[in-house]
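# Structural overview for review
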Amino acid sequence: MFQRILSLPTPQNRFIAQSRKVLTLAAAIGMTASVLTSCSTAPVSQQKPIVGMPSLGTMTKKSSNQVLQEEIREAQQAKSWNNYLELTQLLWSKASPDNQLAIEYQIWQTLKGLPQTEKDKLASDPETSPELMSWLDFVKATELHPIWQKPALADLKHFNPSALFNQHLNQALSQQLLNTNKVQQVAVFLPLTGPYKNIAMQIRDGIIRNQLVHAPNVKLAFYNTNYNPSEPNQILSTYQTAKQNGADVILGPLQKENIDILTKKLNAIGGDDSVITLNDAFGIQHFNFISNSEALQIAAKLCQKHYKNIAILTSTTPADSNLAVQIADYWQQVPDHKLTLKSYPATHPKLREALGSVINETYSQARKNNLQWLFKENLSFTPRTRKDLDAIVLLGNARQVAVFKPQFAFFELQLPVYGSSKLTPINLDKTEPNKDLANVIFPTFKAALKKTNLASTLEAYGWDSFTLATQKYRLGPNICLNAGMLGKLSKQDNEFDYKMSWARYNSRGEVVPLTESNDVDESHYIDIPQEPSDAVQPTEATPDSTTP
């Protein structure tokens, strides 16, 4: 059977070059234990009658192989893995080079399919043969993330060159690692017309800029997916068209209506790992412009500074209010942390009243009134504000936060002020200084802190979306991509996210990187329980690299 299906009519030196094809064929035919019989010729029942008496040597050879194959099956059924490996190695020695790879593949698949508890038991059993131990090490190496798998396989080849798996299989799998996950076409679903056109065009420009610089051979296909209530299922037709046209990855859609329709369909058929929606989605991969871990990153920063008592003053917009609640939730998970949470109207805010509520101005006014009544004379006073606060978090856009700053001087407040990523200038290529934001600290995008050819933060988002489309296979637990324009790109379950950089407005109102003499490596900071452990990120590495 193997000779008929797997034999390659090429010399040995071309065999490895075609190993990926052989592996694919081997996997496709579902190699079970019985496949190990295929190194013999066709079964006797399928052979043509032979005139005359065959030679004794021919009969002995067939009988020997058949007996060996039966013994291999029995050893596998009995889970006698030392014996199984010894017998299959003997069968391997009698096979052609073509079928040797198939036998190596079968051994690997058999041992890989064992329960982890059984593999652990074999690895610690003193009765396990050195050959079986080597195979267990090989299986373990092939189960690693691709970024670790390649060097692990190279080490096994270097330190144990005579091992059976190093004769053909190791090189075949290493070659397959080089050819896997190659993206040739990316389809992009954006509302290129309608109310979201301006947003879509900026995202599109960022995607194109990245493609021209890093992947000019990758084909881009843009589809206008502006949601039309009269044709709600149009997104499904567009999805089918993109797949039929050969899309390896689909970025989008962007609008929530389209996402809901598409995800419902995809979840019903078991999902589609080629799709990355450009907004939150349930059950499939997604990448949002606003980091879903921003609250965690802000809370971790405040914890890193060893603050104990903070105040949060937020606008009443849903985005700011939700962020405030999330920060408060993370903050209060730590024992002895104290919090004051206040809000101000997003429209026509009474700024002094809002800030006064945070610093307990009314208590100071009440004390003044009591003293004035007691002494029966008018008193002049400056509000005595609370001294127990370590920092204040102002949530709102740049205009709102800038208006608050003069109030700090009025109350003579000397508190560190933190904001959100909303303080990042939208236009990266022509940002005007804003002195009213001097000394405000906030998380921002990497593109805002270095010179790039990107014009806006949405272009940076488009840039990173294309990076994920072509490089997502490199991500894994505690492995991120440093090449993001928004930040360090990561993935957890179906969610792509990014870790932002920290910045501040200097005295001239310019955005500059935050540098602190007592700064510590917050990637290993564990002052917040539960979720922060999932958000551990590596320290900075060289550009365009993947970091563990």
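Keep in mind the model is a prediction, meaning the values are calculated, not measured. (Residues numbered from 1 in each chain as written. Predicted model: local features only at pLDDT ≥ 70, side-chain atom pairs only at ≥ 80, totals over all residues. Heavy atoms only, no water.)

## What to know about the overall build of the protein chain
Across its full length, the protein chain holds 19 helices and 16 strands. Residues classed as buried in the protein chain amount to 47% of the 548 residues present. Sequence separation of 24 or more characterises 71% of the internal contacts of the protein chain that already satisfy a separation of 6 or more. (Helix = DSSP H or I, 4+ residues; strand = E, 2+ residues; numbered from the N terminus. Buried < 20%, exposed > 50% of the residue type's maximum accessible area, 1.4 Å probe, protein only. Contact = heavy atoms within 4.5 Å.)

## Observations concerning the confidence of the model for the protein chain
Residues at a pLDDT of 70 or more form 75% of the protein chain, whose mean pLDDT is 81. Across residues 1-22, where pLDDT falls below 50, the model places 43 contacts with residues more than four positions away in sequence or in other chains. Low confidence marks residues 28-61, where pLDDT is under 50. Its contacts with residues over four positions away, or in another chain, come to 41 contacts. (pLDDT = per-residue confidence, 0-100.)

## Looking at the pairing of strand 7 (residues 338-344)
Pairing analysis gives seven bridges linking strand 6 (residues 309-315) to strand 7, with the strands arranged parallel. Bridge pairing in strand 7 links L313 to K342. (Pairing = 2+ DSSP bridges.)

## Thoughts on the pattern of salt bridges
Counted according to the given criterion, the structure contains eight salt bridges. We note a salt bridge from E118 to K79, for which the minimum N-O separation is 3.9 Å. A residue pair is termed long-range when its members are at least 10 positions apart, and E118 in helix 7 (residues 116-124) and K79 in the loop between helix 4 (56-77) and helix 5 (81-93) qualify at 39 residues. Its relative accessible area of 16% is what places E118 among the buried residues. Look at K79 and you get exposed, because its relative accessible area is 52%. (Salt bridge = Lys/Arg side-chain N within 4 Å of Asp/Glu carboxyl O.)

## Considerations on unusual backbone geometry
Backbone torsion omega between G252 and P253 reads 5°, so that peptide bond is classified as cis. Looking at the element boundaries, P253 is found in the loop between strand 3 (249-251) and helix 13 (256-268). The backbone of D336 shows a phi angle near 75°, a positive value even though the residue is not glycine. In this fold, D336 is placed in the loop between helix 15 (318-331) and strand 7.

## Regarding helix 12 (residues 234-244)
Taken residue by residue, helix 12 has I235, T238, Y239 and A242 as its buried positions. Take helix 12 and look down its axis: the buried residues cluster within an arc of 105°, on one side only. Immediately beyond the C-terminal end of helix 12, within one or two residues, lies G246, with a positive phi of roughly 95°. (Arc of directions from axis to C-beta.)

## Here's the deal with the environment of P416
Considering the arrangement of structural elements, one finds P416 in the loop between helix 18 (398-410) and strand 9 (417-418). Considered as a pair, P416 and I392 are 24 residues apart in the sequence and their alpha carbons are 6.5 Å apart.

## A short note on the sheet that holds strand 2 (residues 219-224)
Ordered in space as 2-1-3-4, the four strands form an open sheet in which the pairing is parallel. Two strands lie at the open edges of the sheet, namely strand 2 and strand 4 (275-276), each paired on one side alone. Relative to strand 4, strand 3 is paired through two bridges, and the arrangement is parallel. Bridge pairing in strand 4 links I250 to V275. The sheet strands contacting helix 12 are strand 1 (185-190), strand 2, strand 3 and strand 4, and the helix crosses strand 1 at an angle near 165°. (Axes fitted to C-alpha atoms, helices over the stretch in contact; angles between N-to-C directions.)

## Concerning the side chain of S465
Relative to the helices and strands, S465 resides in helix 19 (residues 457-471). Looking at S465, its side chain comes within polar contact range of the main-chain oxygen of Y461, at 2.8 Å. Sequence-distant contacts of S465, that is, excluding residues within four places in its chain, are made with L251, L278 and F287. (Polar contact = N/O pair within 3.5 Å; in protein donor to acceptor, adjacent residues only side chain to side chain.)

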